Number of protein chains: 2
Amino acid sequence: MQARQRPYVALEQEFRDGRLSPRTVLEECIAAIEACETEIGAFAHLDLAAARDQATAATARWQRGEQRSAIDGMPIGVKDVIDTYDQPTEYGSRLFAGHQPVADAACVHALREAGALILGKTVTTEFSGAHPGRTKNPHDTSRTPGGSSSGSAAAVATGMVPAALGTQALASVIRPASYCGIYGYKPSAGGLNRGGVLDVNSQSVLGTLAATLADAWAVAVAIATRAGGDPGHGAVRGTGELRPTQPQRIGFLPTPDWSSAPDDCRNQLTDLLTRLTDTGSNVAWEAADLTELNDSLGDVAESYLGLTGYERRWPLQAYAAVGHDKLGERTVGRLGNRGAYSEDDYRAAVAARHRLRQDFAALRGDYDVLITLASAGPAPAIEGGTGPVAFGSHATFLGVPAVTVPGLVSQGLPVGIQLIGFHDCDHELLDHAAWLDTWLRAQ
Amino acid sequence: MQARQRPYVALEQEFRDGRLSPRTVLEECIAAIEACETEIGAFAHLDLAAARDQATAATARWQRGEQRSAIDGMPIGVKDVIDTYDQPTEYGSRLFAGHQPVADAACVHALREAGALILGKTVTTEFSGAHPGRTKNPHDTSRTPGGSSSGSAAAVATGMVPAALGTQALASVIRPASYCGIYGYKPSAGGLNRGGVLDVNSQSVLGTLAATLADAWAVAVAIATRAGGDPGHGAVRGTGELRPTQPQRIGFLPTPDWSSAPDDCRNQLTDLLTRLTDTGSNVAWEAADLTELNDSLGDVAESYLGLTGYERRWPLQAYAAVGHDKLGERTVGRLGNRGAYSEDDYRAAVAARHRLRQDFAALRGDYDVLITLASAGPAPAIEGGTGPVAFGSHATFLGVPAVTVPGLVSQGLPVGIQLIGFHDCDHELLDHAAWLDTWLRAQ
């Protein structure tokens, strides 16, 4: 099955006049689930009956002109590290088999207020960590869908849902979206409220994965306007509509991972940037400030895993204390590293991150957007785990928004083009991505 | 019953040579529980059998010289907004009646690693908010114990436990400690890991309440060294031992709440400061920088409740969606305020807080410690709620450490002296408090 190519938020007039209904959209999703789910394994839990009831109610609201928002009736997949009061939330862990939260996470509560349907919970790696779930890549089931938002990416790619929620502590939204050939949006640090999300990382964010850029943005805005950002942070700002805007000043950011990407991906990206020059964008290839940024990222990249691993020692140790035998092998492997990374190491990494974020903010005067790959090539074989964090993790460390747009092909598989913007300027980044997306589809 | 006056951490030699044992200390606590708990209502849940087993094991460790830490065997009360895998965690809410977390909160996991016993869960206001629990003030059962760490303060004041955990988003550690005549320590923002604590506020911290300053500090250090701080923050630093140090430069901070305190409290505090001058400390009464700080706090104090209320709209709205009829009256009252405070208001409050914190840090060159009242007089009548947040909330907004030391008496009831220090300099603050405490007891 293929994902619906028109954004859900573009169906408004058809919903109003009855040519199409949220109930029909839902049935298309259910047909995709019936066709693909057994093979792909994107969902940890599904509730088709509740979704049908809610879609029927949404259909009536649209027809009465009383829709709650542009996404009223939209079926959404929710990564299974995010609490839902009416569906189990198992965090990809046997320790939490059948675990039923009392209340919704902030983002889920917001989506329901906006009228969206929680069609199901999508498979995640264990605790959003390294131990993979059972999901397969829809483009080649011998490959990983990427992680940790594995099920969300695969569900969207197969048309089971138009949009899904994910989280990203390193590369967990951008990477699976790149591998599955869909759109992924990782907001500015703190931009979407993570209340009720199993996520202890200081640089993590809630993000969206969708079959269209418009829906990825609309779902994020629906959350931001109702649930706000993380405590202490401003929420993602903007209206739900994108205003495609050609970036005038593009910076090419190879990242310290450039050499790890296959030649064909690198060539496709540099060709693309050359063609963008022809359209009137100014592309900086090796500007001094970008070279310096690239070097700085190289200096700290090794600390990403240390920093996030240190933050995750709780809850992992507390889980091990009550159910060591129920933890996955790769999760247990991470537990063994305790002590190798100290509080002083952590303070130094946090301080380095703070400085780098300040330096990065100064680039805003020179660039509208930075562009790089979204992953180090296409999805690798499923046996190796969920793939390297290469390319995807830098924007997380920098705390800035990033989006991946499908556009490259390697080994017959999709690879995303990653656009990186500036903190708290998410709408501007998405507007540039919307322009690029339209331009790419017209080629 | 009265609390044991010697710190648990001073019993080391007696534990080693068998003159005293953690098991004996526990039995003293249980005797206090049998004498007081029915009237005071400090505990939401108790597990005496498990505590006795663990105290017996700790006793054996001390006798073998294999104690895990200075607090091995210490009975601890845990505010019932903090997850425990072996005791229910009900958040003071009927909606969570019987709720059993899968794993321990970070702080509880750390305390168990250090050998401490979780004797029970202490009563909290609903979700640490405004709706009171059933606890009474041990000094006068017609008065509130303060909140939201109500049960923790009352349990310590009656000798049911030598120390307990609390949380403070506004004044919820300092206020109940002041009202109950015990020591309360609120660390620097981010200084103790809140993982597994029901707490969504950006300025909240986990804190300790204890019958002695030494135990309040030792428990905090036991957590900090094992579980670290909040993600993105350094942990409270220091050894577990206090080094009483006379502050040379004391700043008197009346706070914008000064006029709301009874005359006798104000006079006792100013008399105390005058006597401190005689001991050789230099007290600044109306220095320009403190007057400016006081004015700045007055300008923003109104926003404290708005800021914390905005951050709490989730989870309260999600709770209301699934169990409105199970929420307390005062909690429901807060839900009604939605919409009066906007995202722009919130961003402005967070920005103002950030600026004020930076300004406050500059005072470190001029003062070792600031001193003020810990509450606006003694505990008020229980019908009125848990008392005003006056005095206690400023250090929370500033993100700096604060400690309350019992020392004043009004209407025959205790009122605390609050010492406020500088961010990430918690050990220094506690050292000054230890000196003041020793000096006070010698008067």
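What counts and how
Residues numbered from 1 in each chain as written. Chains lettered and ligands numbered in written order. Predicted model: local features only at pLDDT ≥ 70, side-chain atom pairs only at ≥ 80, totals over all residues. Core = buried A, V, L, I, M, F, W, Y, C linked by C-beta atoms within 7 Å. Buried ≥ 20, exposed ≤ 12 C-beta atoms within 10 Å, placed from the backbone. Contact = placed C-beta atoms within 7 Å. pLDDT = per-residue confidence, 0-100. Helix = DSSP H or I, 4+ residues; strand = E, 2+ residues; numbered from the N terminus. Pairing = 2+ DSSP bridges. Axes fitted to C-alpha atoms, helices over the stretch in contact; angles between N-to-C directions. Least-squares fit on C-alpha atoms with pLDDT ≥ 70 in both. Parallel < 35°, antiparallel > 145°, perpendicular 65-115°, else oblique. Left-handed = near helix turned anticlockwise from the far one by under 90°. Nonpolar A, V, L, I, M, F, W, Y, C, P; charged D, E, K, R; others polar. Domains from an automatic or database assignment.

Draft legend 1. Looking closely at the nonpolar core. Ile76 and Cys107 of chain A together with Ile76 and Cys107 of chain B are the most contacted members of the largest nonpolar core, which totals 272 residues. In this structure Ile76 of chain B touches Leu111, Ala116, Leu117, Ile118, Leu119, Val161, Ala163, Ala164, Leu165 and Val219 of chain B, once residues within four positions along its chain are discounted.

Draft legend 2. Spotlight on the confidence of the model for chain A. A residue-level look at chain A finds 98% of positions with pLDDT of 70 or above and a mean pLDDT of 96. Two summary scores accompany this predicted model of the complex, namely pTM at 0.97 and ipTM at 0.96.

Draft legend 3. Fine view of the pairing of strand β2 (residues 75-79) of chain B. All names here are of chain B. When you tally the buried positions in β2, you get 5 out of 5 residues, the bulk of the element. Alternating positions in β2 separate into two faces, Pro75, Gly77 and Lys79 on one and Ile76 and Val78 on the other, with burial throughout. Bridge count for β2 against strand β3 (residues 117-122) is 5 bridges, and the pairing is parallel. For Pro75, the partnering residue across the bridge sits in β3 and is Leu117. Pairing of β2 with strand β4 (residues 163-168) involves 3 bridges; the strand directions are parallel. The residue bridging Gly77 from the neighbouring strand is Ala164, located in β4.

Draft legend 4. Region of the structure containing the sheet that holds strand β8 (residues 282-284) of chain A. Residues and elements named next belong to chain A. Ordered by their spatial adjacency, 11 strands build an open sheet running β1-β3-β2-β4-β6-β5-β10-β11-β9-β7-β8, and the pairing between neighbours is mixed. With partners counted over all chains shown, the strands left at the sheet margins are β1 (43-46) and β8, one partner each. Pairs of neighbouring strands in the sheet enclose a mean axial angle of 30 degrees, with direction left out of account.

Draft legend 5. The arrangement of the relation of the copies chain A and chain B in detail. When chain A is fitted to chain B, the residual RMSD is 0.0 Å, and the transformation amounts to a turn of 180 degrees plus an axial shift of 0.0 Å. Such a combination of turn and shift is consistent with a two-fold rotation axis. Measuring from the rotation axis to each C-alpha of chain A, the shortest distance belongs to Pro101 of chain A, at 5.1 Å. A share of 100% of the interface residues of chain A reappears at the interface of chain B, consistent with the copies meeting face to face through the same patch.

Draft legend 6. How the structure looks around the packing of helix α9 (residues 288-300) of chain B against helix α13 (residues 343-361) of chain B. All names here are of chain B. Packing of α9 against α13 leaves a shortest axis separation of 11 Å and a crossing angle of 165 degrees. On the basis of the axis angle, α9 is roughly antiparallel to α13. You can see that α9 and α13 cross each other, and the crossing is left-handed. Every residue of α13 that contacts α9 at Leu293, Ser296 and Val300 is listed here: Ala352, Leu356, Asp359 and Phe360. When grouped by side-chain class, the residues that make up the contact of α9 with α13 number 5 nonpolar, 1 polar and 1 charged.

Draft legend 7. Just the domain arrangement of chain A, in detail. Residue and element names in this part refer to chain A. As far as domains go, chain A holds domain 1 (9-227) and domain 2 (249-442). The straight-line distance from the C-alpha centre of domain 1 to that of domain 2 is 22 Å. Listed as interface residues are 48 residues of domain 1 and, on the opposing side, 50 residues of domain 2. Those elements giving two or more residues to the side of domain 1 that touches domain 2 turn out to be α6 (174-180), β5 (183-186) and α7 (213-227). When residues in the side of domain 1 that touches domain 2 are grouped by element, the largest group, 6 residues, is from α6. When its residues are assigned to classes, the side of domain 1 that touches domain 2 shows 20 nonpolar, 21 polar and 7 charged.

Draft legend 8. Looking closely at unusual backbone geometry. With an omega of 0 degrees, the peptide bond between Gly147 of chain A and Ser148 of chain A qualifies as cis. With respect to the helices and strands, the residue Ser148 of chain A is situated in the loop between β3 (117-122) and α5 (150-157). With an omega of 10 degrees, the peptide bond between Trp314 of chain B and Pro315 of chain B qualifies as cis. Within the secondary structure, Pro315 of chain B sits in helix α11 (residues 313-323). In the Ramachandran plot, Phe127 of chain B falls in the positive-phi region, its phi being about 50 degrees despite a non-glycine side chain. By secondary structure assignment, the location of Phe127 of chain B is in the loop between β3 and α5 (150-157). Assessed through the 25 C-beta atoms surrounding it within 10 Å, Phe127 of chain B is described here as buried.

Draft legend 9. Fine view of the sheet that holds strand β10 (residues 402-410) of chain B. All names here are of chain B. Read from one edge to the other, the open sheet built from 11 strands follows the order β1-β3-β2-β4-β6-β5-β10-β11-β9-β7-β8, with strand pairing classed as mixed. Looking along the sheet, the strands with just one partner apiece sit at the ends: β1 (43-46) and β8 (282-284). Strand-to-strand, the axes of this sheet are offset by a mean angle of 30 degrees, without reference to chain direction. Summarising the sheet, β1 and β3 pair through 3 bridges and their orientation is antiparallel. Bridge pairing links Leu46 to Gly120 in β3. On top of the sheet, α5 reaches β1, β2, β3, β4 and β6 (205-210); it is set at about 155 degrees to β4, its chief contact.

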